[in-house]
Amino acid sequence: MTKKSKRRMMAMQRILLAGVLLLSVSLSVVLMFRDRLSLLLVESVQTELLDITRQNSMYVDGKVAGIFSSMEYVARDLVWSNEGTARKVHYLTEVNNFTRVGAVDIYGHGLEGPDIRLKDFPGIKASIQGERKAVYTQRTAFDNLNAMVFSVPIQRSGHVMGSVYGILDVQALKTMFNFSAFNGDDESFIIDSEGRMFVQARKWELARYMSSYLAGWQQPDAPPELVSLYTKVRQNQYGVERITLQNGNQYYLACRPLTTVSDVYVLDVLPTYIVQNRITGILNSVTMILGIMLLLLLGGYGFSEWRQMKSQEKIYDLAYADGLTGLGNQEKYKLDILELAAKKMMNELAVIVVNIRGMKAINDFMGYKYGNTVLQAVADSLKACCRQDEGCYRSDSDMFFLVWHGCDRREIERRLYEAMDGITEFFARQESRKLYLTAGVYLVREEDFISEEEAKKKEIASAVEGCLNINSVPMNYGGKNIPVDESWPMDVAGNARLAGKQITQQNCNVVSFFDEKVVRKMKQEKALEDGFQAAMENDEFVVYFQPKYNIRGKKPVLSGAEALIRWISPEHGFLPPYIFLPLFERDGNLDILDRHVFELVCRQLAKWRQDGHQLVPVSVNVSRRNIAQGKRFVEDMERVMAQYGIDKELIELEVLENDASVDEDTLISFLRAIKSRGFRIAMDDFGSGYSSLGLLYGMPIDCLKLDKSLFDGWQEDMSDSDTSLVRHIIQVAHETGRVVVAEGIEQKYQVTLLKQFECDYVQGYYFCKPIPAEDFAEFMEKERM
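These lines cover the structure that appears in this document, whether it is placed above or below. Owing to the predicted nature of the structure, the values given are computational and were not obtained by experimental measurement.

1. Quick notes on the overall build of the chain
Check the secondary structure of the chain and you find 24 helices and 27 strands. The 785 residues of the chain split such that 46% are buried. Excluding contacts between residues fewer than 6 apart, the proportion of contacts in the chain whose partners are at least 24 apart in sequence is 62%. About 41200 Å² of surface is accessible on the chain, with carbon and sulfur atoms providing 51% of the total.

What follows is the structure, given as structure tokens:
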């Protein structure tokens, strides 16, 4: 699984966790407030039910009040006139829909209608005593009806003269219950104080159970909920209770008394399942809203996580991916190889650095667009040659890192050559151009890891010095201690780069493995190169002088010297020129050193002259970089000579033969320039390379210095043919007007032979080794004695 997949999986896990947490919180909220919400809803329903009961009771009271008002109007009219009694009384039938109407005197004799027995009509009897009354009667004496008997007194001058009455069938009262808030699921009743139901609503079966349940509802032995209801009604003029009928059904019962009729009550009944359905509906709505909010929150959180994941991936790509090739960059390489170390997957681990030869030239001459195409093609090919668990990275512009493991040396070499040769063939086929690569390979060794004992020693040593160097101890990575320090990934990559720098072959693909000895030498050379500037500042470069003798006379005579540079380093000790001069020529510091030596020689000549010594000419070497500068270098030399007051007769400039072989035209132009300024010129190391006597005819040189290699094979009993080459060179030099110096002469017989060949000068250990400047002055004085 890739790291990107892991990050996405972790994001999904966070989203799922957030969803579970939000769902848990939502369910907890619902469960926590469910009972409270149910209670509030029940209270709301009870309030609605009481409101229905209030409206019904007000409506019934209003109707009853209207009935009484019309009856009192008729009663007042009967007081003033008995005429038309029947018509007046029957008017009440039309107005109030009475089943029967009538009027009686205080004895029950009918003023209109039949005589009645007052004991059969307690309401009429009460009205004769001065009260208006409405009384429920299950069976009236007239029509055997369940009816309400309304009666009002007929009064004159404060005396009751009789009563007007009207009988109203209870069925007519049902039309009074017109209010409902529960889609008709509630029922309304009218009962008396005994619980007798004389007005019932639509559902007969409910009316039957309610009639049986309410009997004696105001008695102390009634069911507790009825006792509680009656207590509330008596105290507050209203009440609500939850009841259970004989059939097991539960209802909410609201009760309110009529104000116009004594001991008559309006009831409203609602099944509890209606309330429960409402509660369930509201809870479902709340749950749905919470669910929508949960989905919105979860979606918002998921979107935020997605954006954050995308941002992290973008940041990760910026931090660990190469924008051009899509490969991991150098930081990704370090991250991955440290992870391998943490997982202890270091068996047969190889770190490979692949370089494209001539990438700078490709960019300069073909353009950076084409250069980018080359980099992308190489990156794709190198990536394709890697296995699934191996890494390919781009470090610098033309440098790629490969991390392979589980391969031996032979397999690594085979795979690399296959990949590089494939790239070369691709460009040869597609672009008609040759592209070559180099690969430096470093095989990770046990020595690359820090043992616990060594780590402790380094830690103690660092602590003793007063500071703890975190780079010298194992580091913690991913919660694990791994036996490498944080610089280790680049150290092994550096070793692979050094392995690549060992390559000298050109115009081919080359694989090079890290060689400790070669790399040690390269590091030593690099240390010398890096120490050049400090050596210049600290005057570590000193001039030694090796005498030159004229052997054309009876005895050798000191006639000059060659200035030879030495490096006396506090760190590296005494260094001869063959160790450091090739390095400085490679890195460009040799031209600086040439100028420095030239100034040291002029300074020393001036000092000897000031001390009263007789001076001899001194030869000074000139490198190819200074030769290429031509006129400017000549002017710089003249400026230094003028500064110290040195005549040109005391300076001889030496150029190397191999410089001539590199660029003959440049060398000849330089020699002519310095010759025209009056300098003497010598060609050094003649015979060490591909010498051509023909050069002598075209070059304005004064002296030919024969290289030591021409004399190394000489022996005392040599034949003339063995020395003919040297003899011939000396002869040609003389014929062209040059003098000859033989270098590296160490034996007397060599001097004897050279004298026979009429060689002009000899330089070598036979006469004297190179000696320091302070000793050379004394040496000159002794030679002249």
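2. Focus on the pairing of strand 11 (residues 349–356)
The element strand 11 is largely enclosed, with a buried count of seven among its eight residues. As paired strands, strand 11 and strand 13 (residues 399–405) are joined by seven bridges and run antiparallel to one another. Of the residues in strand 13, the one forming a bridge with L349 is H405.

3. Digging into the sheet that holds strand 14 (residues 437–443)
Pairing is mixed across the open sheet formed by five strands, whose spatial order is 12-13-11-14-17. Bordering the open sheet on either side are strand 12 (391–394) and strand 17 (510–513), each of which pairs with just one other strand. Pairwise comparison of adjacent strand axes, ignoring direction, gives a mean angle of 20 degrees for this sheet. As defined by bridge partners, strand 12 adjoins strand 13 across four bridges and the pair is classed as antiparallel. Paired with C392 across the strands is L402, a residue of strand 13. Where helix 9 (residues 368–384) meets the sheet, it contacts strand 11, strand 12, strand 13 and strand 14, and its direction lies at approximately 5 degrees from that of strand 13.

4. Some words on helix 7 (residues 330–342)
With 13 residues, helix 7 ought to run about 18 Å at 1.5 Å a step, and its terminal C-alpha atoms sit 18 Å apart, in line with that. Among the 13 residues of helix 7, ten are classified as buried, and the element is accordingly described as predominantly covered. Within the sequence span of helix 7, burial applies to K332, Y333, L335, D336, I337, L338, E339, L340, A341 and A342. Two or three places before E331, at the opening of helix 7, N329 has a side-chain oxygen 3.2 Å from that residue's backbone nitrogen.

5. Considering the packing of helix 16 (residues 590–610) against helix 18 (residues 631–644)
One way to put it is that helix 16 packs onto helix 18 with a least axis distance of 9 Å and a crossing angle of 25 degrees. With respect to helix 18, the axis of helix 16 lies roughly parallel. For the element pair helix 16 and helix 18, the recorded crossing hand is right-handed. Listed contacts from helix 18 to R595, F598, E599, C602, R603, A606 and R609 of helix 16 are F633, D636, M637, V640, M641 and Y644. Classifying every residue of the contact of helix 16 with helix 18 gives eight nonpolar, no polar and five charged.

6. Focus: the environment of D702
Its place among the elements puts D702 in the loop between helix 21 (695–698) and strand 24 (703–706). Contacts of D702, omitting those with residues within four sequence positions, involve K675, F679, R680, I681, R738 and V739. In terms of polar contacts, D702 uses its side chain to reach the side chain of K675, at 2.3 Å.

7. Points about a nonpolar patch on the surface
A surface patch of nonpolar side chains, amounting to about 390 Å² of accessible area, comprises V25, V29, M32 and F33. Inspection of the secondary structure assignment puts F33 in helix 1 (residues 3–80). With a relative accessible area of 47%, F33 lands in the partly exposed category.

8. As for the packing of aromatic side chains
A full pass over the atoms with the stated rule returns 23 aromatic pairs. Here F541 and W567 contribute two aromatic rings whose centre-to-centre distance is 5.0 Å and whose plane-to-plane angle is 40 degrees, an arrangement assigned as tilted. Separated by 26 residues along the polypeptide, F541 in strand 18 (residues 541–550) and W567 in strand 19 (residues 557–569) bring together distant segments of the chain. Note on F541: relative accessible area 3%, which makes it buried.

9. Focus on the nonpolar core
In this structure, F541, L593, L706 and L754 are the most contacted members of the largest nonpolar core, which totals 85 residues. Top contributing element to this core by residue count: helix 16, with ten residues. L593 has contacts with F532, M536, F541, I565, F580, L581 and F584, leaving out every residue within four places of it along the chain. Counting residues in each nonpolar core, the second largest holds 33 residues, with L382, A419, L435 and V441 among its members.

10. Some words on the sheet that holds strand 1 (residues 100–105)
Each strand in a sheet pairs with another by means of backbone hydrogen bonds, the pair being arranged parallel or else antiparallel. In space, the five strands of this open sheet follow the order 2-1-5-4-3, with antiparallel pairing throughout. Both outer strands of the open sheet, strand 2 (110–112) and strand 3 (133–137), are each paired with one neighbouring strand and no more. With direction set aside, neighbouring strand axes in the sheet form an average angle of 30 degrees. As judged from the two bridges shared by strand 1 and strand 2, these two strands associate in the antiparallel manner. Residue pairing in the sheet places V104 in a bridge with G110 of strand 2. Packed on one face of the sheet, helix 2 (residues 85–96) meets strand 1, strand 2 and strand 5 (159–169) and runs near 140 degrees to strand 1.

11. Considering helix 4 (residues 204–214)
Where helix 4 is concerned, the buried positions are L206, A207, Y209, M210, Y213 and L214. Taken end-on, helix 4 shows its buried residues confined to a sector of 170 degrees, consistent with a single buried face. G216 occupies a position one or two residues after helix 4 and carries a positive phi of about 70 degrees.

Conventions and cut-offs
Residues numbered from 1 in each chain as written. Predicted model: local features only at pLDDT ≥ 70, side-chain atom pairs only at ≥ 80, totals over all residues. Heavy atoms only, no water. Helix = DSSP H or I, 4+ residues; strand = E, 2+ residues; numbered from the N terminus. Buried < 20%, exposed > 50% of the residue type's maximum accessible area, 1.4 Å probe, protein only. Contact = heavy atoms within 4.5 Å. Areas by Shrake-Rupley, 256 points an atom, 1.4 Å probe, with all protein chains shown as cover. Pairing = 2+ DSSP bridges. Axes fitted to C-alpha atoms, helices over the stretch in contact; angles between N-to-C directions. Expected span 1.5 Å × (residues − 1). Polar contact = N/O pair within 3.5 Å; in protein donor to acceptor, adjacent residues only side chain to side chain. Parallel < 35°, antiparallel > 145°, perpendicular 65-115°, else oblique. Left-handed = near helix turned anticlockwise from the far one by under 90°. Nonpolar A, V, L, I, M, F, W, Y, C, P; charged D, E, K, R; others polar. Patch = residues over 30% accessible without salt bridge, like charges linked within 9 Å, V, L, I, M, F, W, Y side chains within 5 Å. Salt bridge = Lys/Arg side-chain N within 4 Å of Asp/Glu carboxyl O. Phe/Tyr/Trp six-rings, centres within 6.5 Å; stacked < 30°, edge-to-face > 60°. Core = buried A, V, L, I, M, F, W, Y, C linked by side-chain atoms within 4.5 Å. Arc of directions from axis to C-beta.

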